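Notes for the structure review
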Amino acid sequence: MMKFTAARYVGYALLILSITMLAVPQAALAQTVPNPETPVQTTPVQDDGPAQGTLATEPAQTVTTPPDEVTIQQTNDPNVIRTTRRIYVSADSYISSGYPNANFGAASDLNLGWDNVGPNAMRMLIKFDISAIPHNAIIRSARLSIYQYVVTPVNDGNMDFKAQFMRQDWSEGGVTWNNANYLGGDQLPFGSIPPFFGYITGDATNLVKSWVSGQQPNYGLLITGDEVPSRNRSRRFYSRETGSPPFIDVEYDVNCDTTPPVATVAPLPSFEPGLFLVKWSGQDYAPAGCAPSGIANYDIEYRINGGGWTHWKKQTTSTENHFKNYAPDRSFVELRARATDHAGNVGAYNGPYASTTIDSSPPIATMNPLPQFTTSPNFTVSWSGDDRGGSGVRSYSVQFRVNEGPWEMLIEDTPQTSYQITGAQEFSTYEFRVQAIDNVGNVSPWPTSAQTYTVIFFRPVAAVDYFVPAVLKPTASITDRFTVNWIGLTPPGTTITQFTIYYQYNDGPLKEWKTFPGDQTSADFLYQQMGYGDGVFCFNAKATNDQGQTGDFVIPATCMAVDLADTIQPIAYLPIIGTQQ
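Residues numbered from 1 in each chain as written. Predicted model: local features only at pLDDT ≥ 70, side-chain atom pairs only at ≥ 80, totals over all residues. Heavy atoms only, no water.

**Things to note about the state of the cysteines**
For the structure shown, the criterion picks out two disulfides. Across a sulfur-sulfur distance of 2.0 Å, Cys-256 and Cys-290 are joined as a disulfide pair. Residues Cys-256 and Cys-290 are joined through a disulfide that is right-handed, its torsion about the S-S bond being 90 degrees. In this pair, Cys-256 sits in the loop between β14 (247-255) and β15 (262-265) while Cys-290 sits in the loop between β17 (275-283) and β18 (295-304), placing the two residues 34 residues apart along the sequence. Judged by its relative accessible area of 12%, Cys-290 falls in the buried class. The disulfide partner of Cys-538 is Cys-559, and the S-S distance across this bridge is 1.9 Å. Taking the sign of the torsion about the S-S bond as the criterion, the disulfide between Cys-538 and Cys-559, at about 105 degrees, is right-handed. Taken together, the residues Cys-538 in strand β37 (residues 535-545) and Cys-559 in strand β38 (residues 557-562) connect sequence positions 21 residues apart. (Disulfide = S-S within 2.5 Å. Helix = DSSP H or I, 4+ residues; strand = E, 2+ residues; numbered from the N terminus. Buried < 20%, exposed > 50% of the residue type's maximum accessible area, 1.4 Å probe, protein only.)

Here is the structure:
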């Protein structure tokens with residue numbers, strides 16, 4: 001215990017006077033103000049710790065518990081009640097690494113920094129009960145004040161400190177180094193404590209805002225100073241067990257608007273794709289004689305197939321956003337909204353909810369089969385579709401190609417399911433494929449190949465088969481003739497009644513050889529009896545059916561080379577193909 005003489009008090013008073021003339025740093029807890037309620041007492045506070053620092057000529061203190069809070073000022077205007085409230089510390093203590101199991105909750109001081117004689121590291125814990133501040137209050141400013149009365153060493157400069165939000169609750173009478181030192185969480189910006197005596201204040205606006213809003217749970221603060229042992233720096237402050245406890249002055253506004261707003265999500269169609277636009281709106285209300293404060297932000301939630309609600313948008317000022325594939329195909333999705341007004345009133349998630357069913361699968365589209373042969377230049381193609389997602393097929397697009405040429409658009413974006421083809425080219429192959437779009441815009445891909453095809457064929461055709469081998473040599477078993485084979489096709493429902501076979505010798509004219517019955521498909525060509533020798537004979541054919549229709553030549557002529565003089569030395573035998581008009 002330290003003893004102080006009158007002479008020492010005079011010396012300290014002169015020291016205090018010289019220090020208070022210095023400029024005050026503009027940092028957190030860096031402004032000195034007069035003690036707003038200096039009690040006049042006769043019992044001096046004893047310095048119970050071992051610190052050998054400067055003791056202020058402080059007003060005498062008694063162990064007096066102040067009120068929890070007091071209203072300093074309150075003003076009204078038509079819409080806002082402005083209040084300045086002083087909130088005294090509700091619990092405070094310090095912890096010491098040198099005494100890790102000791103509790104100092106009943107001490108009259110709060111110690112910070114490092115003391116080589118026993119306490120070592122010392123950290124402060126303070127807590128304020130702000131429950132009297134309405135939840136919808138708008139915090140205009142807050143100042144935290146704490147009374148400093150010992151600075152060690154003498155003539156010390158500013159001491160930097162850090163403050164952390166406590167991560168769990170604690171009791172003043174039970175907190176120790178061992179059970180509380182590790183409970184500091186998120187850190188506030190660094191501050192600095194000047195070496196002055198009396199109440200030191202600093203801005204605490206964001207601190208109080210985070211507590212009132214619930215952004216941080218209000219378990220108080222853990223404050224750490226300079227704990228470098230070689231510096232042996234410490235500070236002492238009065239605790240709530242004295243007449244000069246820490247306090248916060250909070251100025252805040254409470255709007256007369258106490259009625260929560262109402263928000264709704266705009267109705268949705270029965271089906272939507274995986275990505276779709278959601279819109280919402282709201283209306284704010286207020287008691288009679290009070291103007292609504294207006295909507296500040298919205299919270300939007302959704303659920304899938306009646307499950308739990310999921311936060312989608314939090315405190316958004318927007319009134320629309322895209323729902324981006326959060327739900328699988330064929331899911332039933334519901335959305336709801338609530339609004340918060342500028343007075344802090346929070347509305348409820350009231351119904352009715354907006355709802356829709358997700359259709360994110362493209363439809364399936366199919367061409368209906370065509371006959372292998374179409375016996376008219378005019379015919380109908382048709383198609384159908386099925387939408388697996390449920391919204392239904394909205395339209396189709398159909399493409400065609402002729403003889404494996406490029407794909408061309410036949411009809412586009414139509415609700416029709418059939419189309420009449422006119423003027424098709426005979427003996428050409430027509431291929432078709434279809435694409436579908438459903439009612440929410442999902443598009444099926446184009447098939448990579450044709451889904452149906454037909455050959456336009458409305459007159460009979462005939463062709464002579466290839467000769468194998470295509471050269472008649474003197475080594476053949478029979479050399480005065482060779483056999484000609486042919487085939488024929490006629491439109492369905494008709495019958496070939498005759499074939500007419502034509503030939504050409506070398507570069508001579510095309511001549512009719514013979515007409516054969518419709519059921520005959522081969523005959524010997526007696527070229528020597530016809531007065532021909534070595535040369536090239538090319539053949540073609542026409543067919544006539546029972547409708548009296550005779551087709552044209554549609555296939556190049558097939559040729560046979562007669563080489564009894566053995567002047568041709570083939571490496572391999574290939575059919576000789578010529579053309580005949």
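Back to the text.
**What about the packing of aromatic side chains?**
Tallied over the full model, the rule gives 40 aromatic pairs. For the pair Phe-482 and Phe-525, a centre-to-centre distance of 5.5 Å together with 40 degrees between the ring planes defines the contact as tilted. Residue Phe-482 is located in strand β33 (residues 482-489), and its partner Phe-525 is located in strand β36 (residues 522-525); the two are separated by 43 residues in the primary sequence. Residue classification places Phe-525 among the buried residues on the basis of a relative accessible area of 0%. Across the ring face of Trp-170, the terminal group of Lys-127 is positioned such that the distance to the ring centre comes to 4.8 Å. Geometry around Phe-553 places Lys-542 over its ring, the cationic atom sitting 5.0 Å from the centre. (Phe/Tyr/Trp six-rings, centres within 6.5 Å; stacked < 30°, edge-to-face > 60°. Lys NZ or Arg CZ within 6 Å of the ring centre and 35° of its normal.)

So far we have only geometry, and geometry alone does not tell us how the molecule works.
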